[in-house]
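Summary of the model geometry
Letter by letter, the chains look like this.
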Amino acid sequence: QTVTVGPDGFVSLPLVGDVHVAGMTGNELGTMLTSRLSSYIVHPQVTVSVVDIRSRKVYVLGQVTKPGGYPLIASINVLQLIAEAGGLNNFAKKNGILILRPSPGGVQKISFNYNEVVHGDSKQNIDLQPGDTVVVP
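Residues numbered from 1 in each chain as written. Predicted model: local features only at pLDDT ≥ 70, side-chain atom pairs only at ≥ 80, totals over all residues. Heavy atoms only, no water.

1. Side note on the overall build of the protein chain
- Regarding its fold elements, the protein chain presents 3 helices and 7 strands.
- Counting from the amino terminus, helix and strand elements in the protein chain follow one another as β-β-α-β-β-α-β-β-α-β.
- Over its C-alpha trace the protein chain gives a radius of gyration of 21 Å, far above what one expects of a compact globule, namely 14 Å for 137 residues.
- For the protein chain, with 137 residues in total, the buried portion stands at 29%.
- When contacts within the protein chain are restricted to residue pairs at least 6 apart in sequence, those whose partners lie at least 24 apart make up 43%.
- Of the roughly 8,900 Å² of accessible surface on the protein chain, 52% is carried by carbon and sulfur atoms.
- Seen as two clouds, the 10 positive and the 9 negative side-chain charges of the protein chain have centres 7 Å apart. (Helix = DSSP H or I, 4+ residues; strand = E, 2+ residues; numbered from the N terminus. Rg over C-alpha atoms; globule rule 2.2 N^0.38 Å. Buried < 20%, exposed > 50% of the residue type's maximum accessible area, 1.4 Å probe, protein only. Contact = heavy atoms within 4.5 Å. Areas by Shrake-Rupley, 256 points an atom, 1.4 Å probe, with all protein chains shown as cover. Lys, Arg positive; Asp, Glu negative; His and termini not counted. Charge placed at Lys NZ, Arg CZ, Asp CG, Glu CD.)

2. A short note on the nonpolar core
- Ranked by size, the top nonpolar core spans 20 residues in total, and within it V60, L81, L128, V134 and V136 carry the most contacts.
- Those elements that provide at least two residues to this core are β3 (57-62), α2 (78-84), β5 (97-103), β6 (106-112) and β7 (133-136).
- With 3 residues, α2 is the single largest residue contributor to this core.
- Apart from residues lying up to four places away in sequence, L128 is in contact with V58, L72, I76, N77, V78, L81, I99, R101 and V134.
- V11, L13, V19 and L29 belong to the second largest nonpolar core, which has 9 residues in total. (Core = buried A, V, L, I, M, F, W, Y, C linked by side-chain atoms within 4.5 Å.)

3. Here we look at the pattern of salt bridges
- Inspection of the entire model under this criterion finds 1 salt bridge.
- A salt bridge links D132 to R101, with the nearest nitrogen and oxygen atoms 2.7 Å apart. One end of the pair, D132, is in the loop between α3 (114-118) and β7; the other, R101, is in strand β5, with 31 residues separating them in the sequence.
- For D132, a relative accessible area of 0% translates into the label buried.
- Note on R101: relative accessible area 11%, which makes it buried. (Salt bridge = Lys/Arg side-chain N within 4 Å of Asp/Glu carboxyl O.)

4. Examining the sheet that holds β5
- An order of β4-β3-β7-β5-β6 is seen for the 5 strands of this open sheet, with the pairing classed as mixed. Two strands close off the open sheet at either side, each with one partner strand: β4 (68-71) and β6. Ignoring strand direction, the axes of neighbouring strands in this sheet form an average angle of 25 degrees.
- Bridge count between β5 and β6: 7 bridges; the pairing is antiparallel. Paired with I97 across the two strands is F112, which belongs to β6. (Pairing = 2+ DSSP bridges. Axes fitted to C-alpha atoms, helices over the stretch in contact; angles between N-to-C directions.)

5. Some words on the confidence of the model for the protein chain
- Per-chain confidence: the protein chain averages 91 in pLDDT, with 98% of residues scoring 70 or above.
- For the protein chain, strand β1 (residues 10-13) is the element with the lowest average pLDDT, namely 91, and β7 is the one with the highest, namely 97. (pLDDT = per-residue confidence, 0-100.)

Below, the structure is given as structure tokens:
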């Protein structure tokens, strides 16, 4: 059976009802479900596979070919996200790009100069974190 984890971190399953699964690995969830199902089924066998990750996203807005949200499956830096979004448009302000990063005290603004990065200044080409938004004016 394929189920989707809701925004509250729960899934609803036959026999066991609503189960909080946020933060669990597939193996941890399989072990827990096996334990809960053993009340109803003799020697249950449970396999859990993650089919799609939608909760970890980064966003790119503005003067790129394909603005929008992109899943953060593996580590990705700013230049790679811009490439994934189809690159910069002709009207992009290459020295005014901002990374908006949610933080406990508000939103952190990180400057990114495309021209400097493509000419060797890799310090600005940071790895993105879930929830980051790259704004290309």
